[in-house]
Structures are given as C-alpha cells and as structure tokens.
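Chain and residue survey
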Amino acid sequence: MSIDLRSDTVTKPSTGMRDAMAAATVGDDVYGEDPTINSLEVRVAGLFGKEAGLFTPTGSMANQLGIRLLVNPGEELLAEEDAHVVRAELGAAAAHGGITTRTWYAERGQLDALAPLRMARPDAGPYLVSTKAIAVEDTHNFGGGTVQEIAQIKALHEGAREMGLALHLDGARIWNAHVATGTPLHEYGKYFDTISVCLSKGLGAPVGSVLLSTGENIKKARVWRKRLGGGMRQVGVLGAACHYALDHNISRLGDDHKNAKILAEVIHKALTSSVNPVNVRSNIVGLILRDTDLTAAELAAEARKAGVLISALGPRYARLVTHLDVSEAEVRQAAEIIAGIVGR
Ligand SMILES: *Cc1c(COP(=O)(O)O)cnc(C)c1O
C-alpha cells in the first residue's frame, strides 16, 4: 500500500460516513424536495452567515456559478495568476460565461490587497474592459496551502466596496484557513459576495461543494446549475456524507497541518531551498526543486517506486498534501523517503 500524498481529494468515505449515506432521507432535489440537501444548504449558509446555499457536484461548478453571478459576458474578473479559477477550471469563465480575466502575481499566492485594487478598472467606458469582481483563494492551493491574512481580506473588501467591485472567495479549503487562523467562518462570510466551499477535500466527503450568497443570487445560480446539467435528483446520499464531514472532520484538520509541518521540516533539512517550514501553515507542502538536478516528475517517479505518491505540478514544482487517510507515522515515513531522494 502506497502512502498517497497527491491530494486531499483521494480520501475515501469512512465506515461512519458510509452508514450516514446509506441512512440518508432523500427526495428529488430538482423539485427542491431532498431534505438532506435542503438542510445542508441551510447549514453551510448559516456557518458563514450567508442567506442561502446551493449544493454542486464540484468546486469548479460552485466557483463558476459564483463568478457568473458577479460578472457579465464581456466583463472582467481579476485573480492571482496561480488561482484555481484561472489555471485549473479549463477556461470555464470564458467558455461558459464570456468572462475575461486579468491576473496579478503574488509570491506563494499571498494576498496583498493593493495588487488587485491597483489593476481594477470599474466602469472603464466604451473602449476598455470593465472590472466587475476580484477572486481570492484561501487557502491558496498552488501557492502551497498559503493562508491569507484576514487584515488583507478586510482591506480588499473596503477597497473593493469603494470602487463598486464584488468579491468571490474560492474557499475550497477555507476550513483549513479557519482552523489555521482561528478566524470564525462567519467572518469570511462578511467580506465576500459569493463563496464556494468544498466538502470533498480535507473534510473527506466523496463528492460535494456548496455555493453561498444572497437568497436572490442563489435562486439565479440554481437556474444556471440546471442549465449546465448540474441538477441532481436523490442527491441526499451525498449530502449525508457532507453533513457527516461537517460533524466530524473540521477540527481534526489541525492534525493534517501538524503533519504537513513535519514533512516540510524533514525535507527542508535534506534540501534547504525546497521549502521553508515557516510558510507551511495548512495541509499543503509545495516543493521548489531549484538546487537539484531532479525534476518534479523524476522525484514523483522515484517516490512512487519507494511507496509514496506525490504530484508533479510543474517542471520544478512538486506538491504533497496531508489528509485524514494518512497517519502521522505514515507521514514521517514518507518524509524520510522524500528527504532521502532530494538529499542524494
Ligand atoms: C479542488 C479545488 C477546487 C474545486 O475543484 P473540483 O475538483 O472542481 O471540486 C477549487 N478551488 C481550489 C483552490 C481547489 O483546490
């Protein structure tokens, strides 16, 4: 059995979660009659202090529905250049929404509110594209699980409000940011017009994301979800897994964060420049292979032979992710194996 650190999406539903799924009360959710989904949408909205929620099959769909609510065809969204919404959703904003994007660069994806605010051009007139919204990712996946500073989010919120711009939060791993910083979930809810959250990452549900916004916006998003083919029927079997994940798997994310720190510390000792453990505050460890001949693909192949699975996300960038299906002992074992390869 390999130790799988490719992503926190590889988690499998536990026995308790499967029992909850089997026992779920269900109905036709396209008719709005699935009680488990209805209660999940109300529950997640309540956690973030938003009016309403919409269950979606993927985080990508939740992001795209959120962005579509804020930006019309021919208008512009700003995002960090490594943001999931621009790099990993296959051009969906352009393909489905006719939305253009401009990006800013941030080291490790760390938000500096001034960067997007300087670029924004709201009401740009008849010659230039008008900016309508800014997207923030927290934690920032390709940045290495970067946790955003709440002061920067607040500053962005204030600046955006003055300029009449909307804010979207890609909160696929906002649970990790919440546990890492102690910031209450409803505080994030105050600063963003639309929020997407994933239950299928560190929380361990097999499928499921939720989009949050005003009641009026969610009504519109419900129409767009159906239009995109995302209207599902007795989907409470998945909703029950999400309820279970919220009941059991939020506070334990702290264990994943500790394990990621262990990985970073051990690998840092073997190849100093590859990762700074101080920057590892959530469940993702990004390795930059600068001072070695090893490429990320070669590292991943070597690690695989030794029983550890990791992701090669760039020629010189590898990613390790901790999650509820890897123990501290397995993480320590994996850390020694990776350190052994990069330190050769
Ligand atoms: C995983 C992820 C998503 C959503 O991904 P899906 O695979 O579509 O569920 C969105 N944003 C970030 C930052 C992610 O890591």
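Provided above is the structure to which this section pertains.
First, a word on what this report is: a plain description of the structure on this page. This is a predicted model, so every value here is computed, not measured.

Here the structure, examined in full by the defined rule, presents one aromatic pair. Relative to Trp-175, the ring of Phe-48 lies with its centre 5.6 Å away and its plane at 75°, an arrangement referred to as edge-to-face. Of this pair, Phe-48 sits in helix H2 (residues 35-48) while Trp-175 sits in helix H8 (residues 174-181), and the two are 127 residues apart along the sequence. Across the pair, Trp-175 and Phe-48 agree in class, each one buried. Here the basic side chain of Arg-87 rests over the ring of Phe-142, its NZ or CZ set 4.8 Å away from the ring centre. Across from the ring centre of Trp-224, 4.6 Å away, lies the NZ or CZ of Arg-227, which sits over that ring.

Next up on the list: the site of the ligand. In the vicinity of the ligand, the residues found are Thr-58, Gly-59, Ser-60, Asn-63, His-84, Glu-89, Glu-137, Asn-141, Asp-170, Ala-172, Arg-173 and Lys-201. Protein contact buries 83% of the 380 Å² of open area that the ligand shows by itself. No other element matches helix H3 (residues 59-70), which puts three residues into the shell around the ligand. Of the residues belonging to the shell around the ligand, the class tally is one nonpolar, six polar and five charged.

The next subject is the nonpolar core. Generally speaking, a soluble globular protein has its nonpolar side chains buried in company with each other. Among the nonpolar cores identified, the biggest contains 50 residues, and Phe-48, Phe-55, Trp-175, Val-197 and Leu-199 are the most heavily contacted of them. Among the elements that make up this core, the one with the highest residue count is helix H11 (residues 236-248) (six residues). With residues near it in sequence (within four places) discarded, Val-197 still touches Val-44, Phe-48, Gly-171, Ala-172, Ile-174, Trp-175, Ser-209 and Val-210. Within the second largest apolar cluster, 32 residues are counted, among which are Val-266, Leu-294, Val-326 and Ala-334.

Attention shifts here to the pattern of salt bridges. Charged atoms that come close allow side chains of opposite charge to pair. Under the definition given, this model contains 14 salt bridges. A salt bridge links Asp-29 to Arg-225; the shortest N-O distance between them is 3.5 Å. Of the two residues, Asp-29 is situated in the loop between helix H1 (15-22) and H2 and Arg-225 in helix H10 (residues 215-227); the sequence distance between them amounts to 196 residues. Glu-76 is the salt-bridge partner of Arg-102, the closest N and O atoms lying 2.8 Å from each other.

Thresholds, definitions, all that
Residues numbered from 1 in each chain as written. Predicted model: local features only at pLDDT ≥ 70, side-chain atom pairs only at ≥ 80, totals over all residues. Heavy atoms only, no water. Phe/Tyr/Trp six-rings, centres within 6.5 Å; stacked < 30°, edge-to-face > 60°. Helix = DSSP H or I, 4+ residues; strand = E, 2+ residues; numbered from the N terminus. Buried < 20%, exposed > 50% of the residue type's maximum accessible area, 1.4 Å probe, protein only. Lys NZ or Arg CZ within 6 Å of the ring centre and 35° of its normal. Near = heavy atom within 4 Å. Areas by Shrake-Rupley, 256 points an atom, 1.4 Å probe, with all protein chains shown as cover. Nonpolar A, V, L, I, M, F, W, Y, C, P; charged D, E, K, R; others polar. Core = buried A, V, L, I, M, F, W, Y, C linked by side-chain atoms within 4.5 Å. Contact = heavy atoms within 4.5 Å. Salt bridge = Lys/Arg side-chain N within 4 Å of Asp/Glu carboxyl O.

So yeah, pure geometry; function would need other evidence.
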